[in-house]
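What follows is each chain in one-letter form.
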Amino acid sequence: MQQNKPLALRILDGISILLIGITTYLALFVAPTEVTMGAVQRVFYIHVSTAWVGMLGFIAAVIPSIIYLRTKDMKWDRIEVAAVEISSVFFFLAIVLGSIWARPAWNAWWKWEARLTTAAIAELLYFAYFMLRAGIDHPERRANFGAVYALIASVSIPITFMSIRWVDRTLHPVVFGVSKATSEIEMAMTFDMVKILLFAIFAFSIVFIDLFWNRIRLGDLQDKVEQLKLKVTS
Amino acid sequence: MFFQEATPDTSGYMIAGYAIAFIIMGIYVTSLYLRYRNLNRDRAMLEELDKPVSEVEATETKPKKPVKTVTKKGRKK
């Protein structure tokens, strides 16, 4: 993968690794221990950041989908797939980390409450996106269906984000903004916690950009190979 | 104050969380690397197949050495 890799991307790779390392250090050794939940609360910094990156990518995939449907340029289809793929991985990670955090906090790995249910539906919708694409052989039809599907699936993201703000009763705490619901976990975040959380969100955003760039390059190469295959077999 | 519970020891869950986070991210980055490497191999192979036949022959055939022919004159009786 190092072959013909732009220098800027190599630098970004290095910065991303460094930022992940700093975030882990800050979360594990610098952040204060939460009194009621203990050490497991440190998972929160990665959980929120991965959820943020997941949602960011799903929403970002809307832009190339619209541009593809207007221009029919396959480049935009590759960008859309890259965004959805990375976001699916990070959103899955956010759900798994949330479950690990929930076990000692709620005494259960999973509860069918508003945030968890909507997040699970959103993730399954995006898994289905890849199944849909895998089922269509014709590249243009695949891109068309993929773009329309990505647009429809993106509706699930604001619903997931707002779910705990709309319902009256929820287990999931609201980190940003106010909620009318009363959560079972009341998190009183200190200023240090907020600073580290914001740094973690920034770090994972950079990681997302880095992976996004790498994934787009992979898509471009995939396209070249497909074209060569057609040329050789014809 | 007397009824305040001690902070629970949940460090096992924390370690599990970070381990899983790094494993999943590692698997994804490895998958990106492997897919890119395999596609590069495929591209090299397809480009080789796509070369015109004359070009392939020119690169594959080596200059032939002159073959010594044995004639009747050269034979000892």
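Parameters and conventions
- Residues numbered from 1 in each chain as written.
- Chains lettered and ligands numbered in written order.
- Predicted model: local features only at pLDDT ≥ 70, side-chain atom pairs only at ≥ 80, totals over all residues.
- Helix = DSSP H or I, 4+ residues; strand = E, 2+ residues; numbered from the N terminus.
- Buried ≥ 20, exposed ≤ 12 C-beta atoms within 10 Å, placed from the backbone.
- Contact = placed C-beta atoms within 7 Å.
- Nonpolar A, V, L, I, M, F, W, Y, C, P; charged D, E, K, R; others polar.
- Axes fitted to C-alpha atoms, helices over the stretch in contact; angles between N-to-C directions.
- Parallel < 35°, antiparallel > 145°, perpendicular 65-115°, else oblique.
- Arc of directions from axis to C-beta.

A.B. asks: Describe the overall build of chain A, naming the residues involved and giving the relevant values.
C.D. replies: Secondary structure assignment for chain A yields eight helices and two strands. Overall, chain A shows an N-to-C arrangement of helices and strands of α-α-α-α-α-α-α-β-β-α. By principal-axis analysis of the C-alpha atoms, chain A measures approximately 65 × 40 × 25 Å. Buried positions account for 38% of the 234 residues belonging to chain A. Within chain A, contacts between residues separated by at least 24 positions form 72% of all contacts whose residues are at least 6 apart in sequence.

A.B. asks: Go over the interface of chain B and chain A with me, naming the residues and quoting the values.
C.D. replies: Between chain B and chain A, the contact holds 26 residues from the first and 30 residues from the second. Here the residues of the side of chain B that touches chain A sort into 14 nonpolar, five polar and seven charged.

A.B. asks: How would you summarise the packing of helix α5 (residues 114-134) of chain A against helix α7 (residues 156-166) of chain A if you had to cite specific residues and measurements?
C.D. replies: Residues and elements named next belong to chain A. Contact geometry of α5 with α7 gives a least axis separation of 8 Å together with a crossing angle of 170°. By the criterion of interaxial angle, the relationship of α5 to α7 is roughly antiparallel. Contacts between α5 and α7 involve Ala-114, Arg-115, Thr-118, Ala-119, Ile-121, Ala-122 and Leu-125 from the former and Ser-156, Ile-157, Ile-159, Thr-160, Ser-163 and Ile-164 from the latter.

A.B. asks: Quick rundown of α7(A)? Include the residues and the values.
C.D. replies: Those residues of α7(A) not exposed but buried are Ile157(A), Thr160(A) and Ile164(A). Relative to the axis of α7(A), the buried residues are bounded by an arc of 70° and lie together on one face.

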